[in-house]
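So the chains spell out like this:
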There are 2 protein chains.
Amino acid sequence: MKNPPSLDSLITALRVLPGVGPKSAQRMAYHLMQRDTAGADRLARAIDHARSHLKHCARCNTFSESELCGVCADPQRRQDLLCIVEMPADEMMIEQTRSYDGLYFVLMGRVSPLDGLTARDLPLEQLARRALDGTVSEVVLATNFTAEGEATAHVLHTLLKDRGLTLTRIARGLPVGGELEYVDPGTLAQALYERRGIKD
Amino acid sequence: MKNPPSLDSLITALRVLPGVGPKSAQRMAYHLMQRDTAGADRLARAIDHARSHLKHCARCNTFSESELCGVCADPQRRQDLLCIVEMPADEMMIEQTRSYDGLYFVLMGRVSPLDGLTARDLPLEQLARRALDGTVSEVVLATNFTAEGEATAHVLHTLLKDRGLTLTRIARGLPVGGELEYVDPGTLAQALYERRGIKD
Ligand SMILES: [Zn+2]
Ligand SMILES: [Zn+2]
């Protein structure tokens, strides 16, 4: 006695989600097919819609449905200041502090040896082109203060030093091991304000 | 600065999954749209395929792609023995013990006041029709020994007593508070073997 093939396929497909093991995939499949079939249909449509509409901003690499994201397309932002973050959620946290009016570059990742992610998985060429396009004078490294974020900052520093740019790092006002996503806006604003020059 | 609408819709749609809060929905959406777009496509297709192919067995109510599931369509099974379980995974656990050769009825749910699930959410009419169709002489209640499973067994007992059926309950060989899905096959076989008559 086995599951019907379409149910097994669904359970397998749900395992693609981060943090979902066999038991929770099975629970999710039962839920979608028994308790919330309308929700299941909405989920399939939302995936399809996002897959066909979501692109990356040509300038900052974050998710965007248009060629340029809203921040990059805003002429009011300071053009000489470029803040590099790991993920879109980090950019959103910084925006919430209302203490930064420059532009961003979103790595959409980090260096994480345990997950098999190295510097080669980062869009470093695109970042170098952007940072050296002649408009930027200061690059603020705002990767997390985790081991992965620090390793990522090191890679960025190596990439961008000695290029005539001022390189700064947001201040370690964040707790050690902390992630931008989980910090309160006041602490994050302070860390931005106290950003410091990077010494070799 | 906000997420693109299609990304926000995807995050919202992922919240339909049991146990997925705002932060993990966001992490899942990033993962699907950045790290594993092929997995995202497979997931959407698997949902659509399951939604269009998965039905319920007309006889035992479990998931099935055909009118009758494999167990109900098997003429070798004892027709006079009907085992009632909460979920398909429970039926699969019992099948793995190879100690039961009767048929099943799958409730696809349980009584769970905390989740707002009452006896009215169970397919009791369909179950009564099945149990009283003249072929069944013994009904084995094999709901979990959790508070919800015991409440469900009570509802089933009330429904089926005084109808000329022998009502039995699998033995409490399972640990108290235990769920069928997580028990070893030997213990579950013992619990089936020691099933006892239900006294009013
Ligand atoms: Zn942009
Ligand atoms: Zn069946």
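Along each chain, numbering runs from 1 in the same order as the chain's sequence is written. Written order determines the labels here, with chains lettered from A and ligands numbered from 1. Totals for whole chains, interfaces and linings use every residue, but because this is a predicted model, local features are given only for residues with pLDDT of at least 70 and side-chain atom pairs only at 80 or more, for both listing and counting. Neither water nor hydrogens contribute to the side-chain values; these are computed over all heavy atoms in the structure.

## Some words on the relation of the copies chain A and chain B
Screw-axis analysis of chain A against chain B gives a translation of 0.0 Å along the axis, an RMSD of 0.0 Å, and a rotation angle of 180°. In symmetry terms, the pair is related by a two-fold rotation axis. In terms of C-alpha distance to the rotation axis, chain A has A:Ala44 as its closest residue, with the C-alpha 2.2 Å off the axis. Any two residues whose heavy atoms approach within 4.5 Å at even a single point are treated as in contact. A shared interface surface links the copies, since 100% of the contact residues of chain A are contact residues in chain B too. Superposing the copies works by least squares over the C-alpha atoms of residues that have pLDDT at least 70 in both of them.

## Description of the pattern of salt bridges
Think of a salt bridge as a Lys or Arg side-chain nitrogen and an Asp or Glu carboxyl oxygen that are within 4 Å of each other. The full count for this structure, using the stated rule, is 16 salt bridges over all chains. The shortest N-O distance in the salt bridge between A:Asp48 and B:Arg45 comes to 2.8 Å. One end of the pair, A:Asp48, is in helix α3 (residues 37-53); the other, B:Arg45, is in helix α3 (residues 37-53), on a second chain. Exposure remark for A:Asp48: the relative accessible area of 21% places this residue in the partly exposed category. Residue B:Arg45 is classed as partly exposed on the basis of its relative accessible area of 41%. A cluster of three or more residues bridged by salt bridges with shared partners is formed by A:Arg45, A:Asp48, B:Arg45 and B:Asp48. Each helix is a run of H or I in the DSSP string that is no shorter than four residues. Each strand is a run of E no shorter than two, and both are numbered from the N terminus. Between buried and exposed lies partly exposed: a residue is buried under 20% and exposed over 50% of the maximum accessible area for its type, with that area taken using a 1.4 Å probe on protein chains only.

## Quick notes on the coordination of the zinc ion (ligand 2)
Residues and elements named next belong to chain B. Within the first shell, the zinc ion (ligand 2) binds the protein through Cys57 (SG), Cys60 (SG), Cys69 (SG) and Cys72 (SG), at distances of 2.3 to 2.4 Å. Here the term donor refers to an N, O or S atom within 2.8 Å of the metal (or 3.2 Å for Na, K and Ca), and because water is left out of the atoms, sites may appear incomplete. Angular criteria define each label, namely tetrahedral for four donors with all angles between 85 and 135 degrees, square planar for four and octahedral for six donors with opposite donors over 155 degrees apart and remaining angles between 65 and 115, and irregular for whatever fails these tests. Angles of 106 to 119° at the metal separate the four donor atoms of the zinc ion (ligand 2), which places the site in the tetrahedral class. Ordering the donors of the zinc ion (ligand 2) by residue number gives the pattern C-x2-C-x8-C-x2-C. On the basis of relative accessibility, which here comes to 7%, the residue Cys69 falls in the buried class.

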